[in-house]
Every structure is written in structure tokens, then in C-alpha cells.
Amino acid sequence: MTNDAGILAIWNRCASGMETEYEAWYQTEHLHERLSIAGFRRGRRYQAIEPDDGYFTYYETDGPDVLTCDAYLQRVNNPTPMTERIMRDSFTDMSRTVCQRAFVTGQMRGAFAATLQMNRLSPEAWLRDWAASEPWVASIARIEGW
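Presented here is an overview of the structure given in this document. These numbers were taken from a predicted model, which means no experiment stands behind them.

Cut-offs and rules
- Residues numbered from 1 in each chain as written.
- Predicted model: local features only at pLDDT ≥ 70, side-chain atom pairs only at ≥ 80, totals over all residues.
- Heavy atoms only, no water.
- Phe/Tyr/Trp six-rings, centres within 6.5 Å; stacked < 30°, edge-to-face > 60°.
- Helix = DSSP H or I, 4+ residues; strand = E, 2+ residues; numbered from the N terminus.
- Buried < 20%, exposed > 50% of the residue type's maximum accessible area, 1.4 Å probe, protein only.
- Lys, Arg positive; Asp, Glu negative; His and termini not counted.
- Salt bridge = Lys/Arg side-chain N within 4 Å of Asp/Glu carboxyl O.
- Polar contact = N/O pair within 3.5 Å; in protein donor to acceptor, adjacent residues only side chain to side chain.
- Expected span 1.5 Å × (residues − 1).
- Bend = angle between axes of the 7 residues up to and from the residue.
- Contact = heavy atoms within 4.5 Å.
- Axes fitted to C-alpha atoms, helices over the stretch in contact; angles between N-to-C directions.
- Parallel < 35°, antiparallel > 145°, perpendicular 65-115°, else oblique.
- Left-handed = near helix turned anticlockwise from the far one by under 90°.
- Nonpolar A, V, L, I, M, F, W, Y, C, P; charged D, E, K, R; others polar.

1. A look at the packing of aromatic side chains
Then, number 1: Inspection of every chain in the model, using the stated rule, returns 10 aromatic pairs.
Then, number 2: Every member of this aromatic cluster is reached through a ring pair, and the members are Tyr22, Trp25, Tyr26, Tyr55 and Phe91.

2. Some words on the side chain of Glu29
Then, number 1: Within the secondary structure, Glu29 sits in helix α1 (residues 19-35).
Then, number 2: As a buried residue without a salt bridge, Glu29 has its nearest oppositely charged side chain in Arg75, at a separation of 6.9 Å.
Then, number 3: Side-chain polar atoms of Glu29 contact the side chain of Thr80, separated by 2.4 Å.

3. Quick notes on α1
Then, number 1: Here α1 spans 22 Å end to end across 17 residues, near enough to the 24 Å set by a 1.5 Å rise per residue.
Then, number 2: Along α1, the largest kink reaches about 45° and is centred on Tyr26.
Then, number 3: Within α1, burial applies to Tyr22, Trp25, Tyr26, Glu29, His30, Glu33 and Arg34.
Then, number 4: On its buried face, α1 is in contact with β1 (6-14), β2 (40-47), β3 (55-61), α2 (70-77), α3 (81-89) and β4 (91-100).

4. Some remarks on the packing of α1 against α3
Then, number 1: Viewed as axis vectors pointing N to C, α1 and α3 meet at an angle of 130°, and their least axial separation amounts to 10 Å. Taken together, the axes of α1 and α3 lie oblique to each other. Between α1 and α3 lies a crossing of left-handed hand. For the pair α1 and α3, contact is made by Glu21, Tyr22, Ala24, Trp25, Glu29 and Glu33 and by Met82, Thr83, Arg85 and Ile86, respectively.
Then, number 2: A breakdown of the residues in the contact of α1 with α3 according to their chemical character gives 5 nonpolar, 1 polar and 4 charged.

Note that all results are geometric; they support no functional claim without further evidence.
Spelled out as C-alpha cells, the structure:
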């Protein structure tokens, strides 16, 4: 697996009372729409253990430049009516960032995800050493540094 994948990472909450519409939008429109753009490989979404704490979604692309290509920008700049409504009425506390995957440890993808924000990935060697030295890390399906 190459480490050159682009990552679009999004953390958000959903406005109270909008959960059903948000879920319908994501499952029936948004995920398919994003994955139909050339260069998008996969999308994953996780819901926080405490539902009010929101969602973590990420899309893996062929590289960070996919997120500035004409096809993607055309879709972002011309949202569907449902997307406009969800973004206006449902999305709260959103944080969105573009990354490039720097390394991967493990081959599987788990049902749970934990994210850790760092100012930069300069301690990549430290993180790799930690992943290799802690015996319990072997029970983690995958660690990615973005």
C-alpha cells in the first residue's frame, strides 16, 4: 500500500432533531456522490460513542490534489438542495482538513476509530517506534499517520 493517499477528514456534530435527515442524506446521496468523483477511493464514517459528540468521516483519495481538481470543486461549489439544507441546518461544530497519509501500520480497518490531532507529523518516528514497542498495540487493527 502506498503512503501517498490524500485524506479529507471531517469532524462534526448534528443539530438536535436533524439526525434522521442527516443519516438519509449521507447514506442515499452524499457518500455515493463523493465516491463517484474520479480519484476518491473510499469513505468511512464513525459515530462517537456518545451520540451528541458527533461524527468523524474521512475520504481517502489518490492524493491531496484530488481535493482541488475541477470535478471535486464543481461538486463542492454546486451542492444539491439536500446538501445545502443539511450543511445549513444540520452540520454544527465542523472541522475539516486535507492531509496526506505518511505511514500505515496494520492491514485491517476496524469498526472503531480514535483520532489524535497533532500540529504536525514530525514525531512520525516516535509514533512508529511506539506502535512497534507497545505489546497491546498489536491488538489494534490499523494505525495511520496523516
